[in-house]
Amino acid sequence: MAADRLESVTELGKHRLGRHSTAELNPALDDYQLADALVREAGTLALLMRQAGLEGRQKTSVSDVVTAADHAAEAYVLEQLRRCRPDDGILGEEGSAVTGSSGRTWVIDPVDGTYNFLHGSTYWCSAIALKDSSGVVLGSIFQPEEDKLWLGGTSQPSTLNGEPLTTFRPDAAGAAGAAGAGRSVAPLSELGAATYIHPTWLADPLCAMPWHAAATSAASLRMFGSGSCDLGRVADGELGCWFQHSCPEWDWLPGQAIVLAAGGAADVVRVNGLDWFLAGGTTAVRQLRAALESGSVG
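About the cut-offs
Residues numbered from 1 in each chain as written. Predicted model: local features only at pLDDT ≥ 70, side-chain atom pairs only at ≥ 80, totals over all residues. Heavy atoms only, no water. Phe/Tyr/Trp six-rings, centres within 6.5 Å; stacked < 30°, edge-to-face > 60°. Helix = DSSP H or I, 4+ residues; strand = E, 2+ residues; numbered from the N terminus. Buried < 20%, exposed > 50% of the residue type's maximum accessible area, 1.4 Å probe, protein only. Lys NZ or Arg CZ within 6 Å of the ring centre and 35° of its normal. Contact = heavy atoms within 4.5 Å. Pairing = 2+ DSSP bridges. Axes fitted to C-alpha atoms, helices over the stretch in contact; angles between N-to-C directions.

Colleague: Could you clarify how one ought to interpret the packing of aromatic side chains in this entry?
Modeller: In this description, an aromatic ring pair is defined by two values, namely the gap between the centres and the angle between the planes. For the structure shown, the criterion picks out five aromatic pairs. Residues Tyr123 and Phe224 carry aromatic rings whose centres are separated by 5.0 Å and whose planes lie at 45 degrees to one another, so their mutual orientation is tilted. Of this pair, Tyr123 sits in the loop between helix 4 (114–118) and strand 8 (125–132) while Phe224 sits in the loop between strand 14 (220–222) and helix 6 (227–236), placing them 101 residues apart in sequence. Judged by its relative accessible area of 11%, Tyr123 is buried. When the centroid spacing of 5.7 Å and the interplanar angle of 15 degrees are considered together, the rings of Trp242 and Trp252 count as stacked. Of this pair, Trp242 sits in strand 15 (residues 241–245) while Trp252 is found in helix 7 (residues 249–261), placing the two residues ten residues apart along the sequence. Accessibility expressed as a relative area gives 5% for Trp252, which makes it buried. In this structure, Arg40 packs its charged tip against the face of Phe142, placed 5.3 Å from the ring centre.

Structure (structure tokens):
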């Protein structure tokens, strides 16, 4: 199946064959087409490398790991962007940093959810965002083993595998499935919230108190280990809302762009010296913010 998906990308450019084939992309692709192709190629490359056998290396903790696939996928995206968008800046999780002259920057997460990836879970993805001085412009997220690609931005409404997302439309089903309710107005108390918090942070009351306040305000909790996969599912309605603290740009911007382009809401609030990142419907995001702020000690 991975080979079939990789073959489908060959129409976008000329393949360079090696142990793991990757496409040389066409610079004439528009930004959305380029983002689509980049995450498809990077995700497929990582998957093929895992199938061939990988070992991980710890970065900051047992659950914060990196593999050769992370580095190879980021190197591929870096190479293609430098060729296809030579004036743009580039920022990658695994160390890529290119200063551009265009005022635009591509933000890369070659494998989001590396702990899941390394342990054989399907819940990981490749993600990319484009930002400029006004903020995030577009995001693209590809979950290879589920064959799901979310794409959206300021000039293109969000899609999942090319199909428009309608989660936040006024006529969409609400949390309980009632026609006309709309996810945008559904209260937090009726929604499942996706989140992530490392166990060590639960020992810090400045973090644990706001997290607990938000977590206990939701109908249920989900903790899957890939923020971009979570945010794609907030955009398509599979998850109700999402919150997490201290997100680097590569964990936040791709999904933020897609949620916003789907008609959802996103916010950042600082509580007890930590930035909390929120996404979902308008009502849920407002209530998440209030719950987090109720855990402030200042």
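Colleague: What is the right way to look at helix 6 in this model?
Modeller: Because each turn of an α-helix spans 3.6 residues, side chains separated by three or four positions end up pointing in the same direction. Counted residue by residue, helix 6 has nine buried out of ten residues, so it is predominantly covered. Buried within helix 6 are the following residues: Gly227, Ser228, Cys229, Asp230, Leu231, Gly232, Arg233, Val234 and Ala235. Phi turns positive, to about 95 degrees, at Gly237, one or two residues after helix 6.

Colleague: What's the story with the environment of Ala235 in this structure? I'm lost.
Modeller: In this structure, Ala235 sits in helix 6. C-alpha separation for the pair Ala235 and Gln256, spaced 21 residues apart in sequence, amounts to 9.1 Å. The contacts of Ala235, once residues within four sequence positions are left out, are Leu165, Thr167, Phe168, Ile258, Val259 and Ala262.

Colleague: Please clarify how the sheet that holds strand 6 (residues 97–98) should be interpreted in this entry.
Modeller: Strands pair in a sheet through their backbones, by hydrogen bonds, and they do so in one of two ways: parallel or antiparallel. Strand order across the open sheet formed by eight strands is 6-5-7-8-9-10-11-12, with mixed pairing between neighbours. Among the strands making up the open sheet, the edge pair consists of strand 6 and strand 12 (163–164). Note that strand 5 (residues 89–92) and strand 6 share two bridges and pair antiparallel. Note that in strand 6 the partner of Leu91 across the bridge is Ala97. Running at roughly 35 degrees to strand 9 (residues 135–143), helix 2 (residues 31–52) makes contact with strand 7 (105–112), strand 8, strand 9, strand 10 (148–153) and strand 11 (156–160) of the sheet.

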